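# Results of the structural survey
Spelled out from the first residue to the last, the chains are:
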Amino acid sequence: MASSSSSMGARKGRVRRKSPAPKRRERVATPSPTRATRKKTDTETTETTVWPEEDSSVSWERTVFVVALVLCSVLPSVFVVLFRMPYSREKNSLLASAFLSAFGFVLCKRLIPVVARANLRKGLFGRDINKKGTKAGQKPVPESLGLATGLVHIVCIVLFQQIHTHFFRPSTLLVDMMDDSSSGAGGWGLRSLIARMAISPAPAKQPGMDDWTEKWLIQYNSALASVSLMVFLGFADDVLDIPWRTKLALPTVATLPIIAAYTGRTSVLVPIPLRGYLGCDLVDLGWVYQVFMLLVVVFCTNSINILAGLNGLEAGQTLVIAGAVLLFNCQKLASVADLPVMTPEHVGVRDAHLFSAYVVLPLIAVTAALLLFNYYPSRVFVGDTYTYFAGMALAVSGILGHFSETLLLFFFPQILNFVYSVPQLFKVVPCPRHRLPVHDPKTGLLYPSKRGDGGYNLNLVTLFLRLFGPCTERQLCNRILAFQFACCAGTFALRWALEGIYK
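Attention here is on the structure that accompanies the text.

Calculation notes
Residues numbered from 1 in each chain as written. Predicted model: local features only at pLDDT ≥ 70, side-chain atom pairs only at ≥ 80, totals over all residues. Heavy atoms only, no water. 1 Å grid on protein atoms, 1.4 Å probe; cavity = no way out; pocket = protein on both sides within 12 Å on 5 of 7 lines; lining within 4 Å. Points joined across faces, edges and corners; volume = space filled by probe spheres on them. Helix = DSSP H or I, 4+ residues; strand = E, 2+ residues; numbered from the N terminus. Nonpolar A, V, L, I, M, F, W, Y, C, P; charged D, E, K, R; others polar. Disulfide = S-S within 2.5 Å. Buried < 20%, exposed > 50% of the residue type's maximum accessible area, 1.4 Å probe, protein only. Axes fitted to C-alpha atoms, helices over the stretch in contact; angles between N-to-C directions. Parallel < 35°, antiparallel > 145°, perpendicular 65-115°, else oblique. Left-handed = near helix turned anticlockwise from the far one by under 90°. Contact = heavy atoms within 4.5 Å.

## Focus on empty space enclosed by the protein
A probe as big as a water molecule, rolled over the atoms, marks out the empty space that is left. Here the structure, examined in full by the defined rule, presents one cavity of 30 Å³ or more. Of the pockets and cavities examined, the largest cavity occupies roughly 50 Å³. For the largest cavity, the full set of lining residues is I157, Y220, A223, L224, V227, F355, V359 and V396. When contributions to the lining of the largest cavity are tallied by element, the ones reaching two or more residues are α9 (214-240) and α15 (344-374). In the lining of the largest cavity, the residues fall into eight nonpolar, no polar and no charged.

## Here's the deal with the state of the cysteines
Here, disulfide denotes a covalent bond that connects the sulfur atoms of two cysteines. Under the defined criterion, the tally for this structure stands at zero disulfides. A disulfide-free cysteine, C488 has its sulfur positioned 7.0 Å from the sulfur of C487, the nearest such atom. Take C488: its relative accessible area is 5%, and that puts it in the buried class.

## Let's talk about the packing of helix α14 (residues 313-337) against helix α20 (residues 473-498)
The angle between the axes and the distance between the axes are what describe a pair of packed helices. In the contact formed by α14 and α20, the axes pass within 9 Å of each other and the chain directions differ by 20°. With respect to their mutual orientation, α14 and α20 come out roughly parallel. As for how α14 packs across α20, the hand of that crossing is right-handed. Residue-level contacts link L313, G316, Q317, V320, I321, A324, L327, F328, Q331 and K332 of α14 to C477, I480, L481, Q484, F485, C488, F492 and R495 of α20. Here the residues of the contact of α14 with α20 sort into twelve nonpolar, four polar and two charged.

## Side note on the layout of surface pockets
Estimates place the volume of the second largest pocket at around 1,400 Å³. Lining of the second largest pocket is provided by 39 residues; of these, K247, N305, D384, R433 and H434 occupy positions nearest its centre. Among the secondary structure elements, those contributing two or more residues to the lining of the second largest pocket are α9, α10 (244-247), α13 (287-306) and α16 (383-399). Broken down by class, the residue content of the lining of the second largest pocket amounts to 13 nonpolar, 13 polar and 13 charged.

This is the structure in structure tokens:
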């Protein structure tokens, strides 16, 4: 019995040792389908979440173009500030704002790669349709990089408020009045130093000289709120893909802070030929002027978004228009700063154009940084975040700078594109989701695209291809930007020709 039990125990022990073996061999020998699928998915995810490096020669060509575009846009303003504007607080304020904008350029240039990689990881990227059929058309391109430019722009205009406080606070204005009346030292003598230490900001407003008023602060902060709100709504559009008709309401919502806080004039100057018939120089429009402000904002924000589809076109046209707006502001500030006596009306003109310059200076800086990544061949897409933000910034600079008519003349290519696109935008003729040109991968040229009924798409990009023939994407973008330059230059020529005749 003992031997029998021993043998039984031995058999039981052998069974226990051998039974798990097949299972272990089964697990090791047979690969898991789930693991293989996961490995393949991880490889695909890595390919779409890694921002590819770029050839140095391509980067150099893009940098050269962006530098040339920036110089053409800002050099006229630099000339006016340095050589036509006398030494004054206005000049110091503009120079300080320019240095701060340069800091914004550096910050934005460093922030864009960070946001681009984050957007790729979150799946916020697209493919370049104008390069379809090529290797470049398969690469994932990060979208919504207007978020980086908008954030840096908001920081800059907040800091500009402090610059204006430093150069135009009531205490320093009183000091300059004392020094100018005594020694003409311009506020830098011993008496100035003593006065700066002894005089605190006066609670009473100085007629004609104290521009640091509650109205100016309200308008400035309302503009800041509108730009910030437009950045948020634009990013929401990029993420949620809001329908086109709903997009028209987004600028309307973002304009509410400006309209609610607007304390400026609602009157317009009557053209000289019509003054004899109307019997007045000014016409007060009242609430109609506020409706006009709303329409200007809606147009500016959507017009840049409509004239798009080419690498660098959205940011390029914004840079050219912002440079023209800056030049117009500098010309007006130079004429005001050269006056021996500044009346309350002149102070209002100075405030309006300083405000406008404070908005467009950082816009030029952040747009230049964005173009270093967005111009052909684009490494990032600006998205609706940028087009809405840029349009709002330009609209704010024109409305609160009180030169809406001149601003609309700067937008002549966008007006032409909108009027030409009206039949498609309002569904009179078929309107596809994308009205981009047709790319030929063999030649690399773009050709005019057609809609569903066989006719050509109605936009300025297609019109240029029909008028001047097929070309590369870079050539087409440069032609439209050259047209934008010509329209801005023509606006200055028209104002000069009509000065004293029209208004």
